[in-house]
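Architecture and fold: a report
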Amino acid sequence: MPNLLIEADQIEVKIRSNIVVQNISFAICEGEAWAITGSAGSGKTTLVNVIRGRQPISAGSITSHLSPTDRVVMVEQQHTYRNQTDTSSTYYQARFNSMDSEDFPSVEEELRTSVAKEGAEPSDEKIGSVLQLLQINHLRNSRLIQLSNGENKRFQLAKALVQQPKVLILDSPFIGLDQGARQILHNVINQLISSQITIILITTPHEIPDSITRVLELQKDHSARVASRASFIARQQTEPIDAAKVENGIHQKLLKLKSSASDGSFDVAIKMQDVSVHYGGKAILDGVNWQVNRGDKWALSGPNGAGKSTLLSLIYGDNPQAYANQIYLFDRKRGSGETIWDIKQKIGYISPELHLYFNRRLPCFAAVSSGFTDTLVSSKTLSSEQKTTVGQWLDVFALSHHREKPLIELPLSEQRLVLLARALVKNPPVLLLDEPCQGLDAQQTQRFNALVDIICQHFDKTLIYVSHYSQNTPSCVNQRLFLEKGKARVELA
């Protein structure tokens, strides 16, 4: 019989008097593989923090049978790192500033540092085998700040594996990965399970690797149901959403906001002529030609590291290499006298990087209001009309009850919804949505895409939408720009 590692008996967790999980019991044995699933905000991350001893319980008991030398390593849903001088955290635009990137360690340097911190001597063989397993050996000498969101996901897993964990906890590892990378990760997880590493995986019901043995499903009443993978899959059904009802409810709320639309007096939103971007001799974008007319609805797709975020950074004003290229925004050549703030005022923007570096100490109301000034701090001089608009957007996303609560106290999925409201609050003519539904559950995703469809239909929006899940793209999208190895091609959506 496998050795018992962790057992919980009727545990309960309260945070600020609010019950997060309750009456949960389970026993995790050596070599098992567990998936933890449930709707967004149901307490999945809280539960794994209890397992790793980072979150106290309010009732019940939890016992660890691990030895002092057994490592429990968790790969967080979001990554953070510091530069080589360790003097300050990075900022979300740093990835596009080549001078800044030299101050950040390479993938190999960071892997060696992470192992050394555990008192071990990292071997070339160990580092090489981990990079090979995750199929990122080609990134060995890349600076961390230059990795794409999806590449960073695999790097964080590599960083965990070189520490040789006894128990490996993965919080939503498939988020932000393209289809090929998700399949690679499924295969990797299956291999790790066969190597007797005990796996605990936070995931969606539709991303459960074949070798998972047990599924713990968090319920709406904060309790949990434990089942085998086979029985969980057999009864798993996504409850259908009444799309017409959802759209009608959103539409009624949006009608109040129509009068606050920003100026959309342009014919061509974006025009790129033979645009190229290089970092350290590596071509990120290579001769891209693309035109987005007013009212167009585009999907931007391609594998991790294809150049999607770099392309968006040229549009949003975060990349200095825009000035070295033929780029036209809102009928005006980039660098012809306009300011970055003139550009940002016409664009509603969200991205995983923006979320990562946003000030999460801000109350939700202040976070949404910062969208009026396109800064990462609260807007202190709001008009009464702007205050009303912020309140209305919080209502659209069902966030009114979080109005004065700091972002950091919300689940990551609701933090993302706050930042989506921020992107929309000034009602800009162009929406630049980079993986906007990352971290949202199926119902939240469907509700948001219904919102995007209604906004684009009734408010004459120009849309660029990035997602690694083609089935989660708003129905209004009818054109696609596909990027791969810096090259672009136009496709029908």
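What counts, and where the lines are drawn
- Residues numbered from 1 in each chain as written.
- Predicted model: local features only at pLDDT ≥ 70, side-chain atom pairs only at ≥ 80, totals over all residues.
- Heavy atoms only, no water.
- Helix = DSSP H or I, 4+ residues; strand = E, 2+ residues; numbered from the N terminus.
- Buried < 20%, exposed > 50% of the residue type's maximum accessible area, 1.4 Å probe, protein only.
- Contact = heavy atoms within 4.5 Å.
- Areas by Shrake-Rupley, 256 points an atom, 1.4 Å probe, with all protein chains shown as cover.
- Axes fitted to C-alpha atoms, helices over the stretch in contact; angles between N-to-C directions.
- Parallel < 35°, antiparallel > 145°, perpendicular 65-115°, else oblique.
- Left-handed = near helix turned anticlockwise from the far one by under 90°.
- Nonpolar A, V, L, I, M, F, W, Y, C, P; charged D, E, K, R; others polar.
- Salt bridge = Lys/Arg side-chain N within 4 Å of Asp/Glu carboxyl O.
- Expected span 1.5 Å × (residues − 1).
- Polar contact = N/O pair within 3.5 Å; in protein donor to acceptor, adjacent residues only side chain to side chain.
- Pairing = 2+ DSSP bridges.
- Phe/Tyr/Trp six-rings, centres within 6.5 Å; stacked < 30°, edge-to-face > 60°.
- Disulfide = S-S within 2.5 Å.
- Core = buried A, V, L, I, M, F, W, Y, C linked by side-chain atoms within 4.5 Å.

Another aspect to go through is the overall build of the protein. Helix and strand counts for the protein come out as 15 helices and 19 strands. Out of the 493 residues in the protein, the part that is buried amounts to 54%. Partitioning the intrachain contacts of the protein with sequence separation of at least 6 by distance along the chain shows that 69% fall at a separation of at least 24. Accessible surface, the protein as shown: approximately 21,500 Å² in total, 47% of it carbon and sulfur.

Further remarks concern the packing of helix α5 (residues 149-161) against helix α6 (residues 179-194). Close contact between α5 and α6 brings their axes to 12 Å; oriented N to C, the two are set at 15°. When the axes of α5 and α6 are compared, the pair comes out roughly parallel. Our pair here, α5 against α6, has a crossing hand that is left-handed. Facing α5, whose interface residues are Arg154, Leu157 and Leu161, α6 presents Ala181, Ile184, Leu185, Val188 and Leu192. Looking at side-chain class alone, the contact of α5 with α6 contains seven nonpolar, no polar and one charged residues.

Right, let's get into unusual backbone geometry. Despite not being glycine, Ser172 shows a phi value in the positive range, around 50°. For Ser172, the location among the structural elements is in the loop between β6 (167-171) and α6. Residue Ser172 is classed as buried on the basis of its relative accessible area of 13%. One non-glycine residue, Asp331, lies in positive phi territory at about 65°. Tracing the backbone shows Asp331 in the loop between β13 (326-329) and β14 (332-333). Overall, Asp331 belongs to the partly exposed group, its relative accessible area being 44%.

What follows concerns the pattern of salt bridges. Any two side chains of opposite charge can pair, so long as their charged atoms come close to each other. Here the structure, examined in full by the defined rule, presents 18 salt bridges. Across the pair Asp460 and Arg294 runs a salt bridge, and its minimum N-O distance is 2.7 Å. Of this pair, Asp460 sits in the loop between α15 (442-458) and β17 (462-466) while Arg294 sits in the loop between β11 (282-293) and β12 (297-301); the two residues are 166 residues apart in sequence, bridging distant segments of the chain. Here the salt bridges do not stand alone but share partners, grouping Glu108, Arg112, Asp124 and Arg140 into one network.

Quick look at helix α13 (residues 384-396) now. Helical geometry: 3.6 residues make up each α-helical turn, so side chains three or four residues apart lie on a common side. Here α13 is 13 residues long and its end C-alpha atoms lie 19 Å apart, about the 18 Å a rise of 1.5 Å per residue gives. Three or more residues of α13 are buried, namely Thr389, Val390, Gly391, Trp393, Leu394 and Val396.

Attention shifts here to the environment of Asp434. One can find Asp434 in strand β16 (residues 430-434). Expressed as a C-alpha distance, the spacing of Asp434 and Leu354, which sit 80 residues apart in the sequence, is 9.8 Å. When neighbours within four sequence positions are excluded, Asp434 is seen to be in contact with Ser309, Leu312, Ile350, Ser351, Pro352, Glu353 and Val466. Within the local environment of Asp434, its side chain forms a polar contact with the side chain of Ser309, the two groups lying 3.4 Å apart.

This part covers the pairing of strand β19 (residues 487-492). Of the strand pairs in this sheet, strand β18 (residues 479-484) and β19 are connected by six bridges, and their pairing is antiparallel. Note on β19: the bridge partner recorded for Leu483 is Ala488. Where β18 folds back onto β19 in an antiparallel hairpin, the turn is made up of two residues, including Lys485, whose phi is positive at roughly 55°.

We now examine the packing of aromatic side chains. What the rule picks out here adds up to six aromatic pairs. An angle of 55° between the planes, with centres 6.2 Å apart, marks the rings of Phe26 and Trp34 as tilted. The exposure class of Phe26 is buried, given its relative accessible area of 8%. Judged by centre distance (4.2 Å) and plane angle (20°), the ring pair of Tyr316 and Tyr349 falls under stacked.

Once that is clear, we can look at the state of the cysteines. All told, the structure shown has zero disulfides when counted by the stated rule. Not engaged in a disulfide, the cysteine Cys476 finds its nearest cysteine sulfur in Cys456; these two sulfurs lie 4.2 Å apart.

In space, the three strands of this open sheet follow the order β2-β1-β4, with antiparallel pairing throughout. Both outer strands of the open sheet, β2 (18-29) and β4 (59-64), are each paired with one neighbouring strand and no more. When the angles between neighbouring strand axes are averaged without regard to direction, this sheet yields 15°. Bridge count between strand β1 (residues 4-15) and β4: five bridges; the pairing is antiparallel. Bridge assignment links Glu12 to a residue of β4, and that residue is Ala59. Here helix α1 (residues 44-51) sits on the sheet in contact with β1, β2 and β4, set at roughly 130° to β1.

On to the packing of helix α3 (residues 107-116) against α5. Contact pair α3 / α5: the axes reach a minimum separation of 9 Å and the direction vectors enclose 35°. The chirality of how α3 crosses α5 is right-handed. Seen from α3, the contacting residues are Val107, Glu110, Leu111 and Ser114; seen from α5, they are Phe155, Ala158 and Lys159. Here the contact of α3 with α5 is composed, by residue class, of four nonpolar, one polar and two charged.

Attention now goes to the nonpolar core. By size, the foremost hydrophobic cluster in this structure holds 75 residues, and its most contacted members are Met272, Trp290, Ile315, Trp393, Phe397 and Ile464. Those residues in contact with Ile464 that sit more than four places away from it in its chain are Ile270, Trp290, Val292, Trp298, Leu300, Leu312, Ile315, Leu431, Leu432 and Leu433. In this structure, Leu111, Leu131, Ala158 and Ile208 belong to the second largest nonpolar core, which totals 39 residues.

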